[in-house]
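# Report on the structure
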Amino acid sequence: MLLPRFSKLIARCFGRRWDLKENVRNMPHTTGRRGGMILSGCCRERLSVVGCFAASCSLCTTSRGSSRKKELSEKKLTSYFVDQRRVRLAAGSGGKGSCSFLSEPRKEWGGPDGGNGGDGGNVVIKVNQQVKSLSAIAPVYRGHDGQAGGSKNCFGRNANTTYIHVPVGTVIKENGNTMADLSREGQEYVAVYGGAGGKGNRFFLSNENRAPVTTTPGEKGQERVLQLELLTMAHAGLVGFPNAGKSSLLRAISNARPAVAAYPFTTLKPHVGIVQYQDYEQVAVADIPGIIRGAHLNRGLGVSFLRHIERCRFLLFVLDLSAADPGAQLRDLRFELDQYEPGLSRRPQAIVANKIDLPEARDSLAELRRHEKQRIIPVSALTGDNVEELLLHLRELYDGYLEAEQSSGMKPLRW
Ligand SMILES: Nc1nc2c(ncn2[C@@H]2O[C@H](COP(=O)(O)OP(=O)(O)OP(=O)(O)O)[C@@H](O)[C@H]2O)c(=O)[nH]1
Ligand SMILES: [Mg+2]
């Protein structure tokens with residue numbers, strides 16, 4: 001019996017009688033087991049020292065009320081944006097044919113009855129609007145194999161198709177050649193075909209051979225290695241140097257909430273914001289990570305994000321009026337775009353001169369206007385000054401795009 005022995009010990013430690021029945025719940029660090037009491041090692045010490053603050057003692061920490069929810073590691077909090085993936089695809093093989101002969105009472109030579117195998121499953125790449133990046137794409141996909149044939153002329157079941165869900169705007173390439181451009185919701189591309197099922201011995205029955213034992217195995221499924229590339233789908237792309245205020249501008253004109261901070265390369269993945277007009281037209285604007293001089297040589301974030309500009313129907317060059325030479329910024333941006341794809345900088349565009357609220361901005365704007373013939377829209381993403389002019393110009397660009405698409409018989413991209 002443990003209880004009387006511990007009551008004596010406790011009473012000796014605290015110099016007074018300890019009524020166990022009343023103080024069981026107040027007793028420090030005790031756990032019950034079949035009516036008896038056991039003390040943890042650290043709590044035994046506590047009885048003699050009075051006061052245990054060992055952090056490793058879970059019972060003590062609980063009694064001090066300091067149990068906090070375990071914080072998530074930084075790794076778990078970070079969401080990765082993946083816009084490129086290489087996948088190996090193998091379709092399912094066909095099921096093998098069966099070799100069997102019917103044998104029933106009074107039907108000893110019932111003849112061959114082995115069924116054919118089922119076809120292997122295809123692997124299909126399908127657009128799903130809920131998927132936003134290629135991060136969930138596995139490196140290898142294997143289709144299901146067809147079921148083998150059975151006796152009594154039972155055919156094996158065809159395998160189900162394996163679907164790989166990708167975001168809108170995924171381009172499928174093989175050895176650098178574009179195989180498919182999935183730009184509409186629900187669009188599918190059969191990447192690899194499953195093998196045909198094998199033949200059972202019933203298939204080989206003929207007048208010459210009344211008892212064939214021949215069967216064929218199922219065909220192997222097709223195998224391919226494909227590159228998946230995600231190109232952000234948007235009408236307009238915000239192109240500018242780091243810190244020019246692209247994310248701030250997207251916040252000012254849409255409901256998107258990309259991070260804004262006073263250091264370069266705050267934005268590390270493209271964000272798409274939707275600008276809503278009163279006639280229910282919606283223009284998608286993409287905030288592309290900052291581009292610096294030499295981006296085509298992989299400086300800064302490199303060419304990886306220039307790819308996203310490729311899909312934008314028109315461009316909004318965002319210049320920082322607080323920087324030394326905004327004209328040079330514009331020249332560098334155009335140069336980088338042309339290095340990536342010749343003629344990319346000549347897409348329909350608007351030049352947005354940001355940070356007009358700053359005192360030095362007026363001079364920079366005048367200087368910029370002197371060298372640039374094109375229309376320049378001065379705005380302040382921070383205070384919202386003159387954002388209306390930008391919205392009107394954006395709508396003009398959008399209407400121009402709709403007209404161009406309709407006149408060429410194409411279906412314009414609508415959000
Ligand atoms: N005064 C002023 N500051 C601005 C304006 N627009 C943006 N900023 C500031 O400029 C800094 C950079 O803004 P961001 O919107 O993060 O710039 P960004 O172009 O998205 O930068 P990256 O994501 O690094 O490419 C932030 O401190 C903003 O508060 C503006 O119109 N006026
Ligand atoms: Mg940004």
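In this report, the structure presented in the accompanying data block is examined.

Rules of the game
- Residues numbered from 1 in each chain as written.
- Chains lettered and ligands numbered in written order.
- Predicted model: local features only at pLDDT ≥ 70, side-chain atom pairs only at ≥ 80, totals over all residues.
- Heavy atoms only, no water.
- Near = heavy atom within 4 Å.
- Polar contact = N/O pair within 3.5 Å; in protein donor to acceptor, adjacent residues only side chain to side chain.
- Areas by Shrake-Rupley, 256 points an atom, 1.4 Å probe, with all protein chains shown as cover.
- Helix = DSSP H or I, 4+ residues; strand = E, 2+ residues; numbered from the N terminus.
- Nonpolar A, V, L, I, M, F, W, Y, C, P; charged D, E, K, R; others polar.
- Donors = N, O, S within 2.8 Å, 3.2 Å for Na, K, Ca; no water.
- Pairing = 2+ DSSP bridges.
- Axes fitted to C-alpha atoms, helices over the stretch in contact; angles between N-to-C directions.
- Buried < 20%, exposed > 50% of the residue type's maximum accessible area, 1.4 Å probe, protein only.

Not every one of the 24 residues close to ligand 1 is listed here, only the nearest: Ser 247, Ser 248, Phe 265, Thr 267 and Asp 357. Note that an oxygen atom of ligand 1 is positioned 2.7 Å from one of the side-chain N or O atoms of Ser 247. In this structure, Thr 266 approaches ligand 1 through a main-chain N or O atom, which is 2.8 Å from an oxygen atom. Bound to the protein, ligand 1 loses 90% of the 650 Å² it would expose on its own. Here the shell around ligand 1 takes 3 residues from helix H6 (residues 246-253), the largest share from any one element. Broken down by class, the residue content of the shell around ligand 1 amounts to 12 nonpolar, 9 polar and 3 charged.

A word on the coordination of the magnesium ion (ligand 2). Looking at the magnesium ion (ligand 2), one finds its protein donor set to be Ser 247 (OG) and Thr 267 (OG1), positioned 1.9 to 2.0 Å from the metal centre. On the criterion of sequence distance, the pair formed by Ser 247 in helix H6 and Thr 267 in the loop between H6 and strand E12 (271-276) is long-range, its members being 20 residues apart.

The mixed open sheet is built from 3 strands, whose spatial order is E6-E4-E9. On the outer flanks of this sheet lie strand E6 (162-166) and strand E9 (188-192), each paired with one strand and no other. Across the sheet, the mean angle separating the axes of adjacent strands is 25° when strand polarity is ignored. Note that strand E4 (residues 123-127) and E6 share 5 bridges and pair parallel. Residue Val 123 lies in a different strand from E6, and its bridge partner there is Thr 162.

This part covers the pairing of strand E11 (residues 236-240). For E11, the buried fraction is high: 5 of the 5 residues fall into the buried class. Burial along E11 is two-sided: the residues Ala 236, Leu 238 and Gly 240 and Gly 237 and Val 239 are all buried. Alignment of E11 against strand E13 (residues 282-287), held across 3 bridges, turns out to be parallel. From the neighbouring strand, Leu 238 faces E13, where its bridge partner is Asp 287. Sheet topology places E11 next to strand E14 (residues 314-320); 5 bridges connect them, and they run parallel. Bridged to Gly 240 within E14 is Val 318.

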